[in-house]
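# Structural overview for review
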Amino acid sequence: MAKSSFSKVDEYGFERAADFDYESYEEYMSQYLPILARRARKWARLMGNPNSLKRGPVIKRFMRKGVPAEHRAEVWLWASGATQLQEKMGPNLYRELLEETHDIDVVSTIRTDLPRTFPDNIFFNQGDQSEHRNQLFRVLCAYAHHNERVGYCQGLNYIAGLLLLVTKSEEKSFWLLKVLVEQILPDYYGPTMEGVIVDIDVLGELIRLKAPAIHQQVTALGLPWPVVTTKWFICLFAEVLPVETVLRIWDCLFYEGSKIIFRVCLTLIKSQSSSLLACDDFGSLAAAFKSTTSASSTLNCHQFMKSIFQVPGSLSSSTISTLREKISQDRHNS
Amino acid sequence: MANRGGPAQRPNPQTQGKICQFKLVLLGESAVGKSSLVLRFVKGQFHEYQESTIGAAFLTQTVCLEDTTVKFEIWDTAGQERYHSLAPMYYRGAQAAIIVYDITNMDSFGRAKVWVKELQRQASPNIVIALAGNKADLANSRAVECEEAQTYADENGLLFMETSAKTAKNVNEIFLAIAKKLPKNEQASGAGSTNQGRRLQELDGSPKAAGNCCK
Ligand SMILES: Nc1nc2c(ncn2[C@@H]2O[C@H](COP(=O)(O)OP(=O)(O)OP(=O)(O)O)[C@@H](O)[C@H]2O)c(=O)[nH]1
Ligand SMILES: [Mg+2]
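Here the structure is a predicted model, which means the values were calculated and not measured.

## Considering the overall build of chain A
Along the backbone of chain A there are 18 helices and 0 strands. A compact globule built from 334 residues would reach a C-alpha radius of gyration of about 20 Å, and chain A, at 20 Å, matches this within 12%. Each of the three principal axes of chain A carries a C-alpha extent, and together these read 60 × 55 × 45 Å. Here chain A holds 334 residues, and the buried ones make up 56% of them.

Here it is in structure tokens:
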């Protein structure tokens, strides 16, 4: 049997599943590698010029086409505003937070989740020897004490874990986590997770407008939207979609903000509409939703990222903010 | 009669071999082993490092009683306290619940009692509740006495077992005990893909369904 040239562990340290489809992957990589090479050349030229990172249509297109792995940390810090935030708040914040006395309940909650974070990743699954695991502990612990209202919310472990794999720096991961939680996303991780609950309803409303048949089907079979989508929002697709696809989504998330999440959700749902509409009971519908994220179309990240700007149609920031406002008002009035 | 030889392809609810479908929800503090119990029951597996559940997971499994096949729709929920606001959606309309605590952790037993109260107040009045004292294989570090939990379960009319997802002790048994205790007659249930009874129930309990009609 021909052996695949791809190893059992991907470039981020995730062990590939036993049923991983090497053949399709190889085919897709043969198309994607030249694209990566071209993007790398363009980015190298861009990053070579001082002060060339300026918000505008050119960079926006660059972000949508993907940031090369070697520039991700720097570009994310810039695009998200984390760099400025760090300058404003002082360079020592992270170290100071680590030196504080830490609340034992918070510490033990985080510790419980450490071995449960990416147990299939070689950087995290080497027991207490895993340097990444210790770094993850420190980032989560520092953040929980920095933002006591949020503290530690399950799900942040996956986000911080992936940030560590990309940036290879706890301090950078800390700042990116901070901008995500406090600036890019509405109140997702607070004590009642109000922001997630509202955004799930916003998505429901968008589906009603943009994919009415699916909305009707889901309502008729009685599947509440949160059942399907809570994890999508909380983990920002980490542990939901293939890792390279997640990172490409985050390239846009850091630059364009949280509306990207809705684009991804709508694309996942709309592109599987025929299989969703074919379901005639609750159980098969729940299963069909689960397979939307493992569809082969999600592995081809380049094509997938193109589709999120086409499949859902127009989606303005003001539509989203109006819906968010209306839904949170309705929640408070009821 | 049609149900003479072999398993009936399309069981008639009036005859033997009927299929009943029930919604079952797992509740309890984070890391007590809810997902592990489900994984053991549904797939016969155990993972030393089970990932924490975000939101909820949905699985199905079937158990056979003498004259009935019981199909469980299992909702495995997230245990962290702040996910609590999402929980009612999962236990709404559930006919059965397993409330899990970890026998090595007294706090988790306290949390289990709070869940029992909440279900007694808010869930369907006839819900069958089972209490599972999980991680029974770690009896060396036991913090919750079996008798204490048994007494509490008896006082509150709960099924009770100490379980271990790791060794499989009492895992099938607790689901089986629930299946036996569930009422099979008034539960309207068809075979295969037509679950008229449950479907109506879901709609009744869903405020969103009502909301959309008014739009
Ligand atoms: N020794 C032992 N360990 C167990 C048992 N059941 C679960 N565990 C371990 O306890 C940890 C938590 O188990 P989970 O099944 O993820 O717990 P959970 O209740 O689903 O947790 P959340 O999803 O966070 O709410 C995992 O590392 C399991 O391997 C058991 O019966 N015995
Ligand atoms: Mg779980």
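From this point, things continue past the structure.
## So, the site of ligand 1
Not every one of the 26 residues close to ligand 1 is listed here, only the nearest: R116 of chain A together with S30, S36, E48 and D137 of chain B. Residue neighbours of ligand 1 fall on chains A and B, so the site bridges chains. The side chain of Q154 of chain A places a nitrogen or oxygen atom 3.5 Å from an oxygen atom of ligand 1. Within the complex, the protein chains bury 94% of what would otherwise be the 650 Å² of accessible surface of ligand 1. Ranked by the residues each element gives to the shell around ligand 1, the list is headed by helix α1 (residues 34-43) of chain B, at 3 residues. Of the residues that constitute the shell around ligand 1, the class distribution is 7 nonpolar, 12 polar and 7 charged.

## A closer look at the nonpolar core
Membership of the largest hydrophobic core comes to 146 residues, with the highest contact counts inside it found for L156, Y189, L223, L236, F237 and W250 of chain A together with L131 of chain B. When neighbours within four sequence positions are excluded, L156 of chain A is seen to be in contact with L140, V150, G151, L177, V181 and Y189 of chain A. Within the second largest apolar cluster, 27 residues are counted, among which are F22, L26, V32 and V70 of chain B.

## What about the coordination of the magnesium ion (ligand 2)?
Residues and elements named next belong to chain B. Bound to the magnesium ion (ligand 2) are the protein donor atoms S35 (OG) and T53 (OG1), situated 2.0 to 2.1 Å from the metal. Of the two residues, S35 is situated in helix α1 and T53 in the loop between α1 and β2 (56-64); the sequence distance between them amounts to 18 residues. Residue S35 is classed as buried on the basis of its relative accessible area of 13%. The exposure class assigned to T53 is buried, which follows from its relative accessible area of 14%.

## Side note on the interface of chain A and chain B
Residue-level contacts link 45 residues of chain A with 31 residues of chain B. Among the residues chain A hides against chain B, the three largest losses belong to R116, Q154 and F282 of chain A. Together they make up 21% of the total. Run the count over chain A and chain B and you get 0 salt bridges. Inspection of the region where chain A meets chain B yields 10 residue pairs in polar contact (both at pLDDT 80 or more). Those elements giving two or more residues to the side of chain A that touches chain B turn out to be α6 (104-113), α8 (156-167), α10 (194-210), α11 (212-220), α12 (225-235) and α16 (282-292) of chain A. Top contributing element to the side of chain A that touches chain B by residue count: α12 of chain A, with 7 residues.

## Some details on the UniProt feature "domain: Rab-GAP TBC" (unreviewed entry) in chain A
Look at the UniProt record and you will see "domain: Rab-GAP TBC" (unreviewed entry) annotated at residues 66-257 of chain A. The distance separating the terminal C-alpha atoms of residues 66-257 of chain A is 15 Å; by composition the span is 67% helix and 0% strand.

## Section: the domain arrangement of chain A
Residue and element names in this part refer to chain A. Splitting chain A by domain gives domain 1 (20-70), domain 2 (91-183) and domain 3 (194-333). Here the C-alpha centre of domain 3 lies 25 Å away from the C-alpha centre of domain 1. At the junction of the two partners, domain 1 supplies 14 residues and domain 3 supplies 12 residues. Between domain 1 and domain 3, the buried area comes to about 1300 Å², and carbon and sulfur atoms account for 60% of it. Of all residues in domain 1, Y28, M63 and R64 give up the largest surface area on contact with domain 3, accounting jointly for 43% of the area buried on that side. At the surface where domain 1 touches domain 3, the tally comes to 1 salt bridge.

## Quick notes on the packing of α8 of chain A against helix α13 (residues 243-256) of chain A
Residues and elements named next belong to chain A. Running from N to C, α8 and α13 cross one another at 95°; their axes reach a closest spacing of 12 Å. When the interaxial angle is binned, α8 and α13 end up roughly perpendicular. For the pair α8 and α13, contact is made by I159, L162, L163 and V166 and by V243, V246, L247, W250 and F254, respectively. Grouping the amino acids of the contact of α8 with α13 by side-chain chemistry returns 9 nonpolar, no polar and no charged.

## Quick notes on a negative patch on the surface
The grouping of E96, E99, E100, D103, D105 and E148 of chain A together with D107 of chain B at the surface amounts to a negative patch. With respect to the secondary-structure elements, D105 of chain A resides in helix α6.

## So, the packing of α12 of chain A against helix α14 (residues 259-270) of chain A
All names here are of chain A. Where α12 contacts α14, the axes come no closer than 11 Å and their chain directions differ by 130°. Classed by the angle they form, the pair α12 and α14 counts as oblique. Between α12 and α14 the crossing geometry is right-handed. Contact residues: α12 offers W225, W232 and F233, while α14 offers I261, F262, C265, L268 and I269. Along the lines of polarity and charge, the residues of the contact of α12 with α14 split into 8 nonpolar, no polar and no charged.

## Structural notes on the packing of aromatic side chains
The description of an aromatic ring pair uses the distance of the two centres, along with the angle that the planes make with each other. Taken as a whole and judged by the stated rule, the model has 28 aromatic pairs over all chains. Summarising the aromatic geometry, the rings of F174 of chain A and W175 of chain A are spaced 5.4 Å apart at their centres and angled 85° between planes, so their arrangement reads as edge-to-face. Pair check on accessibility: F174 of chain A and W175 of chain A agree, each one buried. Taken together, a centroid distance of 5.7 Å and an interplanar angle of 65° make the contact between F282 of chain A and W75 of chain B edge-to-face. Of this pair, F282 of chain A sits in helix α16 while W75 of chain B sits in strand β3 (residues 68-77), on two different chains. Here F282 of chain A and W75 of chain B have matching classes, each one buried. Put simply, the rings of F20, Y22, Y25, Y28 and Y32 of chain A pair up and form one aromatic cluster. Directly above the ring of Y255 of chain A sits R55 of chain A, whose terminal nitrogen or CZ lies 4.0 Å from the centroid. If you follow K113 of chain B out to its NZ or CZ, it ends over the ring of Y152 of chain B, 5.4 Å from the centre.

The rules behind each value
- Residues numbered from 1 in each chain as written.
- Chains lettered and ligands numbered in written order.
- Predicted model: local features only at pLDDT ≥ 70, side-chain atom pairs only at ≥ 80, totals over all residues.
- Heavy atoms only, no water.
- Helix = DSSP H or I, 4+ residues; strand = E, 2+ residues; numbered from the N terminus.
- Rg over C-alpha atoms; globule rule 2.2 N^0.38 Å.
- Buried < 20%, exposed > 50% of the residue type's maximum accessible area, 1.4 Å probe, protein only.
- Near = heavy atom within 4 Å.
- Polar contact = N/O pair within 3.5 Å; in protein donor to acceptor, adjacent residues only side chain to side chain.
- Areas by Shrake-Rupley, 256 points an atom, 1.4 Å probe, with all protein chains shown as cover.
- Nonpolar A, V, L, I, M, F, W, Y, C, P; charged D, E, K, R; others polar.
- Core = buried A, V, L, I, M, F, W, Y, C linked by side-chain atoms within 4.5 Å.
- Contact = heavy atoms within 4.5 Å.
- Donors = N, O, S within 2.8 Å, 3.2 Å for Na, K, Ca; no water.
- Buried area = accessible area lost by both parts, 1.4 Å probe.
- Salt bridge = Lys/Arg side-chain N within 4 Å of Asp/Glu carboxyl O.
- UniProt positions renumbered as here; feature names shortened; annotations may be inferred.
- Domains from an automatic or database assignment.
- Axes fitted to C-alpha atoms, helices over the stretch in contact; angles between N-to-C directions.
- Parallel < 35°, antiparallel > 145°, perpendicular 65-115°, else oblique.
- Patch = residues over 30% accessible without salt bridge, like charges linked within 9 Å, V, L, I, M, F, W, Y side chains within 5 Å.
- Lys, Arg positive; Asp, Glu negative; His and termini not counted.
- Charge placed at Lys NZ, Arg CZ, Asp CG, Glu CD.
- Left-handed = near helix turned anticlockwise from the far one by under 90°.
- Phe/Tyr/Trp six-rings, centres within 6.5 Å; stacked < 30°, edge-to-face > 60°.
- Lys NZ or Arg CZ within 6 Å of the ring centre and 35° of its normal.

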